[in-house]
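# Structure assessment
Listed below are the residues making up each chain.
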Amino acid sequence: MAPAAGTGSPRLSPDGQVRLLTKVARLYHERGVRQTEIAQMLHLSQARVSRLLKRAAELGIVRTVVVVTPGVHTDLEEQLEARYGLLEAVVVDAEEDEQDVLAALGSAGAGYLETTLTGGERLGISSWSATLLGVADRLHPFRTPGAESIIQLVGGVGVTSVQAEANRLLSQLAAVVGARPTFVPAPGLVGSSDVRAGLLRDPAMGSIAHEWQRLTMALVGIGSLAPSRLLLDSGNAGRPTDQQHLREAGAVGDVCNRFFDADGALVPSELDDRVVGIDPATFRAIPRRVGLAGGERKRQAVRAAVLGGWVNVLVTDVATARALLDEPAS
């Protein structure tokens, strides 16, 4: 806060009261003199000094000026929040290269968790996300637990070499945050509905499904229709024929293997009966659903995810944010 000056100063009569208000404001805001010292210097009570400072702000003698640091994009964030009804948006600088985008989103996601996890959260995470791995790698250990528990939202079992990454994501996040981890002991996508039904009858899966209903926050990647390299390598991606059917049905992206069209509406498919993971209704009932995604390849999926309410907190890059704002209103 600083006293107003120059042509923008309030038009007040320069009487003794205004001079006193201005003098007190300059001593406090520009010279850093404490209120007790101002009271002694001007032979006033401290209570009156406090009232004078408040009055100076009311009259416009003192104005608040927020200096935006380079690399902070609060203007874009506020526009995204208003346009898409988001609880919060986090926008970061990133080069167009996909690896640069992943690194920038990982850092931004880590910063978001460090400032918003204050303990007691029950957090769900998607299992096969390179972006979330970047978050886990950049998080600093919490001094006090930031969450009560962390659980996978889809099965984390896959090709052995890649399954290690899904396990590391959960284990590392839980260790850094100080939370209890829960693994889903099944693939994210199985070969038939019968296999899925058998898995869901297992008591362990029943307990996990109950935990999904108690989640207070989700942290997920947003997938384009074409699966990521991590998902492909894990063996948890749909078959080429599945992809073709989804494309013909209008799907543009997914969250936790639940596919949606350009408006964010769920695209039902035979794949739904083979997913071992949280169901769409339970997922969208989670109060805070944080999606991390960016880059040109994912822009259509990101827009659909926010339009459909799959995520209500978005962490993305500047180019994607501007592309979302350039889209015509639905």
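Residues numbered from 1 in each chain as written. Predicted model: local features only at pLDDT ≥ 70, side-chain atom pairs only at ≥ 80, totals over all residues. Heavy atoms only, no water.

### A word on the sheet that holds strand β9 (residues 251-255)
The condition that has to hold: Strand pairing is assigned whenever DSSP identifies at least 2 bridges connecting the two strands. By definition, any uninterrupted DSSP run of H or I lasting at least four residues is a helix, any uninterrupted run of E lasting at least two residues is a strand, and each is numbered from the N terminus.
The strand order across the open sheet formed by three strands is β8-β9-β10, and the pairing between neighbours is antiparallel. Here the strands that pair on one side only, and so sit at the sheet edges, are β8 (223-224) and β10 (258-261). As defined by bridge partners, β8 adjoins β9 across two bridges and the pair is classed as antiparallel. Note that in β9 the partner of Ser224 across the bridge is Gly253.

### Thoughts on the confidence of the model for the chain
What counts is decided by this rule: pLDDT is a per-residue confidence score from the predictor, ranging from 0 to 100. Residues are treated as being in contact if the distance between any of their heavy atoms lies within 4.5 Å.
Across the chain, the average pLDDT comes to 87, with 88% of residues at 70 or higher. In the model, residues 5-11 has pLDDT below 50 throughout and makes eight contacts with residues more than four positions away in sequence or in other chains.

### Re the sheet that holds strand β5 (residues 147-152)
Spelled out, the test is: Lines fitted to the C-alpha atoms define the axes, with helices restricted to the stretch that makes contact. Angles between their N-to-C directions range from 0 to 180 degrees.
Spatially, β3-β12-β11-β7-β4-β5-β6 is the arrangement adopted by the seven strands of the open sheet, whose pairing is parallel. Edge positions in the sheet fall to β3 (88-92) and β6 (180-182), since each of these pairs with one other strand and no more. Averaged over all adjacent pairs, the angle separating strand axes in this sheet is 15°, with direction ignored. Note that β5 and β6 share three bridges and pair parallel. Paired with Ile151 across the two strands is Thr182, which belongs to β6.

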